[in-house]
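# An overview of the molecular structure
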Amino acid sequence: MELTFYGADRSVTGSCHCIDINGKRILIDCGLQQGRDEIDNNMLPFSAAKIDYVIVTHAHIDHSGRLPLLYKLGFKGTIFSTRLTAELLSIMLLDSAYIQENDAEWQNQKGKRAGKPAKEPLYTVDDASSCLQLIKTHDYCKKFAVCEGVECRFVDAGHLLGSSMVELWLTEGNVTKKIVFSGDIGNKAQPIIRDPSLIKEADYVVMESTYGDRNHEGNGNYKVNLAEIIDDTFKKGGNVIIPSFAVGRTQELLYFIREIKEENLVKSIPDFEVYVDSPLAKQATEIYSGDLTGYIDCETKMLVRNGVSVLKFPNLRLCHSTDESRALNADPNPKVIISASGMCDAGRIRHHLKHNLWRPESTVVFVGFQAVGSFGRMLLDGASKVKLFGEEIAVKARIVNFKGLSSHADLTGLKEWISAYDPKPKRVFVVHGDAEVIPNFLQTLSELGITAHAPEYTEVYDLIADRRVHEGYTPERRKPAEQESPVFQELRRMGEKLLEVILRNKGGANKDLKKFTEEIRAMAEKWDR
């Protein structure tokens, strides 16, 4: 009875853990490594054909995004999830496959001109479609048999529609151990979905630690704050541009905006137009508007019973075609545009930024975490100019960091969740945390009297003997080609500022300009190495 760590070990993304028991191999999640967490998404550190089952905690790509690759490389077993996780997977994995195919085609067009061999996509739409046929769903809180010696139960994680924590009862010989995989533990009081469940007992816990060193900022009055931003922008005649993740966060925003309209909180244009410009967000919103029986909180359940469509309101438009998307930027009327991707590194949001960043009357509202090196992080860090589609764009729009919205539990929430176990688990394995965060969270758990350990990649633990049998290692992470460190970003901003100073000195005395030129030349020669 062994537990092996194949992803999100001393990093945040790429969730993948494995249970070996009674001759069977069971994966819990199989996610894409993203950003600086990437080792090599093209390779799996195990034989896909030897995996018998996969249990998926939720549909986010960093927990599910390599399922089609697993199928492509030989997996033909059963995938278990909740019903709504399966519904979201049906759109998210196909969307991911479409992106993989398009990226490969674009790279091959460039590579062909350079005489490079063709690259195949990580996986195809056909791989994703075939993979989806292997899913079998189970409701929350109903125990089911996975295979001989393994029983499973999903409980609500409160993170995303359909998200779950996984309880496993493992029996080998005459020994039974219970292990809990937290998945991503949700933040409290999110619209639509319920608060995360508390579990009382387990021998072992594999626990996420994304916000293991801090609490969320913000005053919690999101609806009123968002209404003020929209109202102020409309008074100036501008657009409100919201980069947002297509699944989860976009639907949360629509819930708030419906309330804003119902309570008439935007006085300048009470019946303002809202556009969701993302095909994936459109599909996800349709799922969120479907049969949510057994998945929603009491407030949403009551609204639905009273005939309220919680994500629909007058002047809401869900865009699908590129023509619809382009038309938004030709329309002079003030409006709210919600578009993906949430970090602005790809997708239609970049077109809307191109047409609005230079407008001082417009506002860009960030409602999610912006990773170091992302386009969104550059804007939050104060870039005065950016390049979009080969064109230099001045940043004159108001940039707002809408803090506090998060689908993850913060430090207080994580402590509350793990403290519910009575008695305390024999051992907690801490995963899903940046290398900078994990030591702090391990210290927090130690102060709570909990024995905790942060496993390395490929580490193996014997759950019966309660000991590590293989140490694992820290792999070299693949640094994205376009990623910039915060220090380099600051250097680049200073370069932009220097150019502004040069232009302001146009017409100055020749003696001063010559001295300025020599200073710049000396600095350039010093650092040009």
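These remarks concern the structure in this document. For every chain, the first residue of the written sequence is number 1, and numbering continues from 1 onward in sequence order. It should be noted that, the model being predicted, local features are given only for residues of pLDDT at least 70 and side-chain atom pairs only at 80 or more, the latter also being counted only at that level, while totals for whole chains, interfaces and linings use all residues. Hydrogens and waters are ignored; side-chain quantities use all the structure's heavy atoms.

What follows concerns the layout of surface pockets. Taken as a whole, the second largest pocket holds about 410 Å³ of empty space. The way it works is a 1 Å grid over only the protein atoms, where trapped points that fit a 1.4 Å probe form a cavity and open points with protein on both sides within 12 Å along at least five of seven lines form a pocket, and then any residue with an atom within 4 Å of a point lines it. Lining the second largest pocket are 18 residues, with Tyr 211, Glu 217, Phe 369, Asn 401 and Lys 403 sitting closest to its centre. In this classification, the charged set is Asp, Glu, Lys and Arg, the nonpolar set is Ala, Val, Leu, Ile, Met, Phe, Trp, Tyr, Cys and Pro, and all remaining amino acids, among them Gly, are polar. Residue composition of the lining of the second largest pocket, grouped by class: 6 nonpolar, 7 polar and 5 charged. Grid points are joined across faces, edges and corners, and a volume is the space filled by probe spheres set on the points.

By the definition in use, this model includes 2 cavities of 30 Å³ or more. Taken as a whole, the largest cavity spans an internal volume of roughly 60 Å³. Lining of the largest cavity is provided by 13 residues; of these, His 17, Phe 181, Ser 182, Gly 183 and His 432 occupy positions nearest its centre. Helix numbers and strand numbers start at the N terminus; a helix is a DSSP run of H or I with at least 4 residues, a strand a run of E with at least 2. The dominant element in the lining of the largest cavity, judged by the number of residues it contributes, is strand β11 (residues 204-208), at 3 residues. Looking at the lining of the largest cavity residue by residue, the class counts come to 5 nonpolar, 6 polar and 2 charged.

Turning to the nonpolar core, a few remarks are in order. What we call a nonpolar core is a set of buried Ala, Val, Leu, Ile, Met, Phe, Trp, Tyr and Cys residues that are connected through their side-chain atoms within 4.5 Å. Buried residues are those whose accessible area, probed at 1.4 Å on protein chains only, stays under 20% of the maximum for their type, while exposed residues exceed 50% and partly exposed ones sit between those limits. Core analysis: the biggest nonpolar cluster contains 107 residues, and Ile 19, Ile 55, Leu 70, Leu 88, Val 146, Leu 168 and Ile 179 have the highest contact counts within it. Top element by residues in this core is helix α3 (residues 83-113). It accounts for 8 residues. Only heavy atoms matter for contacts: two residues are in contact if any of them lie within 4.5 Å across the pair. Setting aside its immediate chain neighbours within four residues, Leu 168 contacts Ile 19, Ile 28, Ile 55, Val 150, Glu 151, Cys 152, Lys 177, Lys 178, Ile 179 and Phe 181.

Let us look at the sheet that holds strand β20 (residues 427-431). Read across the open sheet, the 7 strands follow the order β7-β8-β9-β10-β11-β20-β21; overall the sheet is mixed. Since the sheet does not close on itself, it has two edges, and those belong to β7 (144-147) and β21 (452-453), each with one partner. Should DSSP find at least two bridges between two strands, the strands are regarded as paired. Here 3 bridges tie β7 to strand β8 (residues 150-156), and the two strands are oriented antiparallel to one another. Note on β8: the bridge partner recorded for Phe 144 is Cys 152. Set on the sheet, helix α12 (residues 411-419) makes contact with β9 (164-172), β10 (175-181), β11 and β20; between it and β11 the angle comes to about 170°. Against the sheet, helix α13 (residues 438-447) makes contact with β11, β20 and β21, and its axis sits at roughly 160° relative to β20, the strand it touches most. Structural elements are reduced to axes, namely lines fitted to C-alpha atoms, with helices fitted over the stretch in contact, and the angle between N-to-C directions of any two is expressed from 0 to 180 degrees.

Aromatic rings from Phe, Tyr and Trp, taking only the six-membered ring of Trp, are treated as a pair when their centres fall within 6.5 Å; an angle between ring planes under 30 degrees marks them as stacked, one over 60 as edge-to-face, and anything in between as tilted. One pass over the full model with this rule turns up 14 aromatic pairs. Between the aromatic rings of Phe 5 and Phe 429, the centroid separation amounts to 5.3 Å while the plane-to-plane angle is 50°, which identifies the pairing as tilted. Here Phe 5 is found in strand β1 (residues 2-7), whereas its partner Phe 429 is found in strand β20, with 424 residues between them in sequence. Measuring from ring centre to ring centre gives 5.6 Å for Tyr 457 and Tyr 473, while their planes differ by 75°; the resulting arrangement is edge-to-face. In this pair, Tyr 457 is assigned in the loop between β21 and β22 (460-462) and Tyr 473 in the loop between β23 (467-470) and α14 (486-504), connecting sequence segments 16 residues apart. Given the relative accessible area of 8%, Tyr 457 is considered buried. Among the aromatic residues, those joined into a ring-pair cluster are Phe 5, Tyr 204, Phe 429 and Tyr 461. Throughout this description, the term charge over a ring refers to an Arg CZ or Lys NZ atom that lies within 6 Å of the ring centre and within 35 degrees of the ring normal. The positively charged end of Lys 261 is found above the aromatic ring belonging to Phe 272, 4.7 Å away from the centroid. The aromatic ring of Phe 375 is capped on one face by Arg 350, whose charged end is 4.9 Å from the ring centroid.

Quick look at α3 now. Each helix should span, by expectation, one fewer than its residue count multiplied by 1.5 Å. The end-to-end C-alpha separation of α3 is 46 Å, in line with the 45 Å expected for 31 residues at 1.5 Å each. Taken as a whole, α3 carries its principal kink of about 30° at Leu 89. Where α3 ends, the next residue or the one after it, Gly 115, has phi of about 75°, a positive value. One fitted axis covers the seven residues ending at a residue, a second covers the seven starting there, and the bend at that residue is the angle between these axes.

Moving on, we get to the sheet that holds strand β16 (residues 363-366). With parallel pairing, the 6 strands of this open sheet are ordered in space as β14-β13-β15-β12-β16-β19. Both edges of this open sheet fall to β14 (316-319) and β19 (398-401), since each of them pairs with a single strand only. Between one strand axis and the next, the sheet turns by 20° as a mean value, whatever way the strands run. Sheet topology places strand β13 (residues 273-277) next to β14; 4 bridges connect them, and they run parallel. Bridge pairing in β14 places Asp 277 opposite Cys 319. Its contacts with the sheet place helix α9 (residues 322-330) against β13, β14 and β15 (335-339), and it is angled at close to 140° to β13.

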